[in-house]
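The primary structure of each chain is shown beneath.
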Amino acid sequence: MSDSEDDVVLSKRVKTNGSVKKESSDDDVPLGQLSQGSRPHESSASEYDSDENITKTAAKKIKKKPNKRKAEGKTSEPASKKVKKQPSQSAKTKTKPKKEKKVKEETPIKAETPGKDDEEDDGVGYKWWENQLDDDSVKWETLEHNGVIFPPEYEPLPSHVKLLYDGKPVDLPPFAEEVAGFFGAMLETDHAKNPTFQRNFFHDFQKVIEECGGCGVEIKDFEKCDFTQMFNYFEGKRLEKKLISAAEKKKIKAEKDAFEEPYKTCLLNGRKEQVGNFRIEPPGLFRGRGAHPKTGKLKRRVQPEDVILNLGKDAKVPPPPEGHEWGEVRHDNTVSWLAMWRENISNSVKYVRFAANSSLKGMSDYKKFEKARELKNHIEKIRKDYRTMLKSNLMLERQIATATYLIDVFALRAGGEKSDDEADTVGCCSLRFEHVTLTPPQTVAFDFLGKDSIRFYQEVEVDPQVFKNLKLFKRLPKGPGDDLFDRIDPSVLNKHFQTYMTGLTAKVFRTYNASKTMQDQLDLIPNEGTPAEKVVKYNAANRTVAILCNHQRSVSKGHETSMQKISDRLKEMLWQKIRLKKMMLMLDKKLEKKKPKFFEELDDLTKEDEAHIHKQIIIREREKYEKKFKRENDKRAENKEDQLPESQLKEWLGKVDQLEKDYKNELKTGKPLLPDNITIEKLEQQIEKLEGRIASTTLQMKDKEDNSQVALSTSKINYIDPRLSVVFCKKWNVPLEKVFTKTLREKFKWAIESVDENWRF
DNA sequence: GGGGCCACTTAGAACTGCAAAT
DNA sequence: ATTTGCAGTTCTAAGTGGCCCC
């Protein structure tokens with residue numbers, strides 16, 4: 001029955017006729033986009049007639065997407081022109097204070113001579129999590145800091161290092177040379193091979209040359225540019241740097257640290273706090289992720305004049321670099337940034353902010369998890385409701401319900417709209433026709449690029465009603481390029497969520513489900529085995545969460561080889577084991593009859609495998625002795641002692657030759673040489689040991705493979721309530737440092753110190 | 001009610017330094 | 001002692017979501 005009923009609204013729209021069973025227009029109204037006429041309470045959207053509206057939506061997309069694709073070629077004019085909107089500070093200062101009224105006068109600061117010997121004071125005694133933290137519209141009372149570190153001035157390359165154009169060296173003005181150098185340094189990276197990157201770089205490079213008044217030659221063909229001299233020069237520099245003696249390195253580091261010291265911390269309400277990114281980002285080529293239309297563009301040097309500082313009214317303003325002025329000095333205590341500037345790529349804002357271990361970050365982290373925990377009191381109702389709403393007669397509600405389902409079950413992100421000069425990535429609300437493939441009865445294949453252009457690919461079974469709805473959302477006239485969810489966007493969704501719980505938004509679901517999953521997984525871990533074994537299981541739980549959130553990483557370049565290595569090692573162990581078993585049979589033939597199972601694997605390796613293993617061992621042995629010989633002689637040379645005679649090496653290698661012969665023989669006869677004094681018992685012992693090693697190596701290999709594409713850190717840092725890990729460690733007696741690095745322990749200090757072992761998410 | 005701006009969290013890549021392997 | 005692999009850290013891009021303005 002439901003099928004036709006379900007589809008009512010749309011069928012009405014699409015077919016403009018018949019099949020409509022029910023007049024839904026009334027309820028329909030609110031978001032208004034669809035039904036005809038009669039729209040009591042909503043005026044604005046109401047003029048759309050349903051058909052028209054559909055067409056409109058489609059048209060909108062069609063217009064938009066192709067644009068995106070076209071835009072790639074023709075580019076960026078608008079971007080570079082983007083007018084800098086100077087947010088008049090007066091306006092700003094006006095707007096903010098309005099919410100200030102709530103200022104809590106309690107503010108836990110003691111303000112006791114904080115400036116003095118606060119050296120050690122950095123918050124050690126201050127446990128903000130034991131205080132109330134309801135209102136956070138005001139972030140601080142006093143704020144002092146020392147500004148930011150600018151990257152060093154450009155140092156021109158030595159005169160013999162040049163860009164070659166058409167084979168001939170070019171004298172570039174320093175600025176242009178710097179830009180060429182950015183590319184030169186990246187010559188061997190994937191970026192430099194990306195045509196968009198090249199095009200954008202070259203365009204900006206030409207522009208810079210022009211800005212500098214030219215360089216004698218006209219640089220008009222990227223293909224004729226040869227950056228290898230520059231690349232080699234930087235490579236050389238890198239090597240040089242590596243070769244500096246340890247002592248020298250240490251000294252350099254110490255100097256750097258001393259210089260940076262003042263910038264690393266600031267005073268927040270008189271307490272010392274770490275600053276996160278106190279360095280202004282250096283100029284370079286923009287490394288956009290995925291197919292970013294602007295990748296490769298020049299990210300320009302930030303001047304002090306571009307930088308706005310934010311600090312307390314009474315704080316001393318750090319002096320700007322010699323000969324410069326700050327762009328502005330602000331005293332806005334409703335925000336938590338210390339400095340900001342605007343970057344030239346997308347005209348967006350970059351902030352200098354507190355470090356992750358700061359109280360402000362900690363508090364909002366804590367609130368985030370508390371908010372997610374709150375969701376557990378509502379989730380049942382929410383789920384029940386959206387299951388019902390999946391069948392709503394209102395297209396709007398169906399879309400809301402379906403999107404909520406996807407967000408809840410598959411942990412999709414909200415999916416806000418993106419502009420044409422960003423990579424084409426999507427989340428839930430921005431899913432398009434082509435991202436979802438439906439296979440009856442209820443299989444859905446998702447295939448799209450999400451945040452950071454990470455692919456989301458999953459073939460899953462969904463609720464039958466969800467399947468129907470998706471089918472409905474894909475119905476004609478929609479086609480590739482059209483939004484699946486044409487009635488909703490994250491703000492609609494979030495408004496709906498707020499009706500259940502204040503502060504509930506799409507992203508809370510991700511946090512909730514991640515932490516909930518972690519808890520469920522941890523609950524399954526028995527309290528047995530060594531801490532190391534428990535950590536392995538903890539990591540497996542962590543991995544479940546990472547997979548849920550689709551946190552990926554690119555497989556490291558050494559991965560394949562290193563897997564191969566492990567697998568070779570395993571094979572060799574297997575060979576060893578078989579060999580030992582053969583020896584057992586040589587000692588006692590009857591054993592095979594007694595324990596057939598035990599000897600079943602005797603033929604598991606082919607002759608080729610065995611020969612290969614022999615060869616590897618021989619090679620390894622030879623190398624071992626040669627190295628040993630060399631090392632010994634080097635040592636003797638240093639001590640001015642006599643060298644070992646060549647004959648010594650010969651003797652060693654002779655042993656290997658003998659081994660090689662033995663192996664050859666063994667391969668032929670299938671019988672290894674029996675070591676002296678060997679017994680069945682000894683052999684059994686060795687086999688047992690070997691089996692242990694094989695088991696652990698196999699596990700290790702599996703773990704490694706499973707982990708090669710999954711990033712555990714992102715969920716650990718952002719989604720899994722740290723108190724879960726703390727409780728786990730406490731209860732199961734696992735040292736916390738096995739699961740949290742030092743930085744993480746600092747970041748999660750609030751969790752570590754506030755929780756007892758009965759705590760539940 | 002939608003666009004733009006702002007402030008903040010979340011994200012994988014790149015880099016670094018250290019420990020295990022050789 | 002040197003190399004290598006990797007965990008941990010740093011960097012900065014790319015999201016989310018609130019708020020204001022029209």
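Everything numeric in this text was worked out from a predicted model, so none of it was measured.

About the criteria used
Residues numbered from 1 in each chain as written. Chains lettered and ligands numbered in written order. Predicted model: local features only at pLDDT ≥ 70, side-chain atom pairs only at ≥ 80, totals over all residues. Heavy atoms only, no water. Patch = residues over 30% accessible without salt bridge, like charges linked within 9 Å, V, L, I, M, F, W, Y side chains within 5 Å. Areas by Shrake-Rupley, 256 points an atom, 1.4 Å probe, with all protein chains shown as cover. Salt bridge = Lys/Arg side-chain N within 4 Å of Asp/Glu carboxyl O. Lys, Arg positive; Asp, Glu negative; His and termini not counted. Charge placed at Lys NZ, Arg CZ, Asp CG, Glu CD. Helix = DSSP H or I, 4+ residues; strand = E, 2+ residues; numbered from the N terminus. Pairing = 2+ DSSP bridges. Near = heavy atom within 4 Å. Polar contact = N/O pair within 3.5 Å; in protein donor to acceptor, adjacent residues only side chain to side chain. Nonpolar A, V, L, I, M, F, W, Y, C, P; charged D, E, K, R; others polar. Buried < 20%, exposed > 50% of the residue type's maximum accessible area, 1.4 Å probe, protein only. Expected span 1.5 Å × (residues − 1). Contact = heavy atoms within 4.5 Å. Axes fitted to C-alpha atoms, helices over the stretch in contact; angles between N-to-C directions. Parallel < 35°, antiparallel > 145°, perpendicular 65-115°, else oblique. Left-handed = near helix turned anticlockwise from the far one by under 90°. Domains from an automatic or database assignment. Buried area = accessible area lost by both parts, 1.4 Å probe.

## Things to note about a positive patch on the surface
Link 1 in the chain: On the surface, Lys-627, Lys-628, Arg-631, Lys-635 and Lys-655 cluster together into a positively charged patch.
Link 2 in the chain: Of the residues forming the positive patch, the biggest block, four residues, is contributed by helix α20 (residues 607-638).
Link 3 in the chain: Relative to the assigned elements, Lys-627 resides in helix α20.

## Looking at the pairing of strand β6 (residues 271-274)
Link 1 in the chain: Where strand β5 (residues 265-268) and β6 come together, four bridges link them in antiparallel fashion. What sits directly across from Cys-266, in β6, is Glu-273.
Link 2 in the chain: With antiparallel pairing between neighbouring strands as the criterion, β5 and β6 make up a hairpin whose turn holds two residues, including Asn-269 at a positive phi of roughly 50°.

## Here we look at the protein's contact with DNA strand C
Link 1 in the chain: In the vicinity of DNA strand C lie 30 residues, with Lys-350, Gly-415, Lys-418, Lys-704 and Thr-743 positioned nearest.
Link 2 in the chain: Interatomic distance of 3.0 Å between a backbone N/O atom of Ala-506 and a phosphate oxygen of DNA strand C.
Link 3 in the chain: Mapped onto the surface near DNA strand C, the elements with two or more residues apiece are α15 (490-498), α16 (506-523) and α18 (559-587).
Link 4 in the chain: Residues of the surface near DNA strand C, tallied by class, amount to four nonpolar, twelve polar and 14 charged.

## Describing the pattern of salt bridges
Link 1 in the chain: Overall, the coordinates contain 40 salt bridges when judged by the stated rule.
Link 2 in the chain: Note that Glu-235 and Arg-238 form a salt bridge whose closest N and O atoms lie 3.1 Å from each other. Residue Glu-235 and its partner Arg-238 are located together in helix α9 (residues 228-243), separated by three residues, close to a single helical turn.
Link 3 in the chain: Judged by its relative accessible area of 25%, Glu-235 falls in the partly exposed class.
Link 4 in the chain: Residue classification places Arg-238 among the exposed positions, given a relative accessible area of 52%.
Link 5 in the chain: Ionic pairing is found between Glu-601 and Lys-581, a salt bridge with its closest N-O pair at 2.5 Å. Here Lys-581 lies in helix α18 and Glu-601 lies in the loop between α19 (591-594) and α20, a separation of 20 residues in the sequence.
Link 6 in the chain: Take Glu-601: its relative accessible area is 16%, and that puts it in the buried class.

## What about a negative patch on the surface?
Link 1 in the chain: Among the surface-exposed residues, Glu-592, Glu-600, Asp-603 and Asp-604 lie close enough to one another that they form a single negatively charged patch.
Link 2 in the chain: Looking at the element boundaries, Asp-603 is found in the loop between α19 and α20.

## Section: the sheet that holds strand β3 (residues 168-170)
Link 1 in the chain: Taken together, three strands build an open sheet; the order of strands is β3-β2-β4 and the sheet is antiparallel. Of all the strands in the sheet, just β3 and β4 (225-226) have a single pairing partner and so form its edges.
Link 2 in the chain: When strand β2 (residues 163-165) meets β3, the two strands line up antiparallel, connected through three bridges. Its bridge partner being in β3, Leu-163 is matched across the sheet by Val-170.

## Quick look at helix α22 (residues 680-707)
Link 1 in the chain: For α22, built from 28 residues, the straight-helix expectation of 40 Å at 1.5 Å per residue is met to within 8% by its first-to-last C-alpha distance of 40 Å.
Link 2 in the chain: Residues Ile-680, Leu-683, Ile-687, Leu-690, Ile-694, Thr-697 and Asn-707 constitute the buried set of α22.
Link 3 in the chain: Its buried side turned inward, α22 meets α17 (531-548), α18 and α19.

## Notes on the sheet that holds strand β9 (residues 308-310)
Pairing between the strands of a sheet is mediated by backbone hydrogen bonds and can be parallel or antiparallel.
Link 1 in the chain: Overall, mixed pairing links the four strands, which are arranged β10-β9-β11-β12 in an open sheet. Of all strands in the sheet, those with a lone pairing partner are β10 (328-330) and β12 (349-353), marking the two edges. Geometrically, the sheet is characterised by an average inter-axis angle of 20° between neighbouring strands, direction not taken into account.
Link 2 in the chain: Sheet topology places β9 next to β10; three bridges connect them, and they run parallel. Considered in β10, the bridge of Asn-310 is made with Arg-330.

## Description of a nonpolar patch on the surface
Link 1 in the chain: On the surface, Met-586, Leu-587 and Leu-674 cluster together into a nonpolar patch covering about 210 Å² of accessible area.
Link 2 in the chain: Take Leu-674: it is sitting in the loop between α21 (646-669) and α22.
Link 3 in the chain: Using a relative accessible area of 33% as the deciding quantity, one classes Leu-674 as partly exposed.

## As for the environment of Phe-456
Link 1 in the chain: One can find Phe-456 in strand β15 (residues 455-461).
Link 2 in the chain: Accessibility expressed as a relative area gives 5% for Phe-456, which makes it buried.
Link 3 in the chain: Separated by 93 residues in sequence, Phe-456 and Cys-549 have C-alpha atoms that sit 9.8 Å apart.

## Concerning the packing of helix α13 (residues 395-410) against α16
Link 1 in the chain: Packing of α13 against α16 brings their axes to within 8 Å, and their N-to-C directions diverge by 30°. Regarding the angle of α13 to α16, the classification is roughly parallel. Between α13 and α16 lies a crossing of right-handed hand. Taking contact as the criterion, the partners of Thr-404, Ile-407 and Asp-408 in α13 are, on α16, Ala-506, Phe-509 and Asn-513.
Link 2 in the chain: Classifying every residue of the contact of α13 with α16 gives three nonpolar, two polar and one charged.

## What to know about the domain arrangement of chain A
Link 1 in the chain: According to the domain assignment, chain A consists of domain 1 (143-150 + 250-357), domain 2 (163-245), domain 3 (361-504) and domain 4 (567-708).
Link 2 in the chain: Computed over C-alpha atoms only, the centres of domain 1 and domain 3 are separated by 36 Å.
Link 3 in the chain: Facing ten residues of domain 1, the contacting portion of domain 3 comprises eight residues.
Link 4 in the chain: Interface area for domain 1 against domain 3, summed over the two sides, is near 650 Å², with a carbon-plus-sulfur share of 53%.

## Digging into α21
Link 1 in the chain: With 24 residues, α21 extends 35 Å between its outermost C-alpha atoms, agreeing within 8% with the 34 Å of an ideal straight helix rising 1.5 Å per residue.
Link 2 in the chain: Listing the buried residues of α21 in full gives Leu-649, Trp-652, Leu-653, Val-656, Tyr-663 and Glu-666.
Link 3 in the chain: Just downstream of α21 lies Gly-670, where phi reads positive at about 75°.

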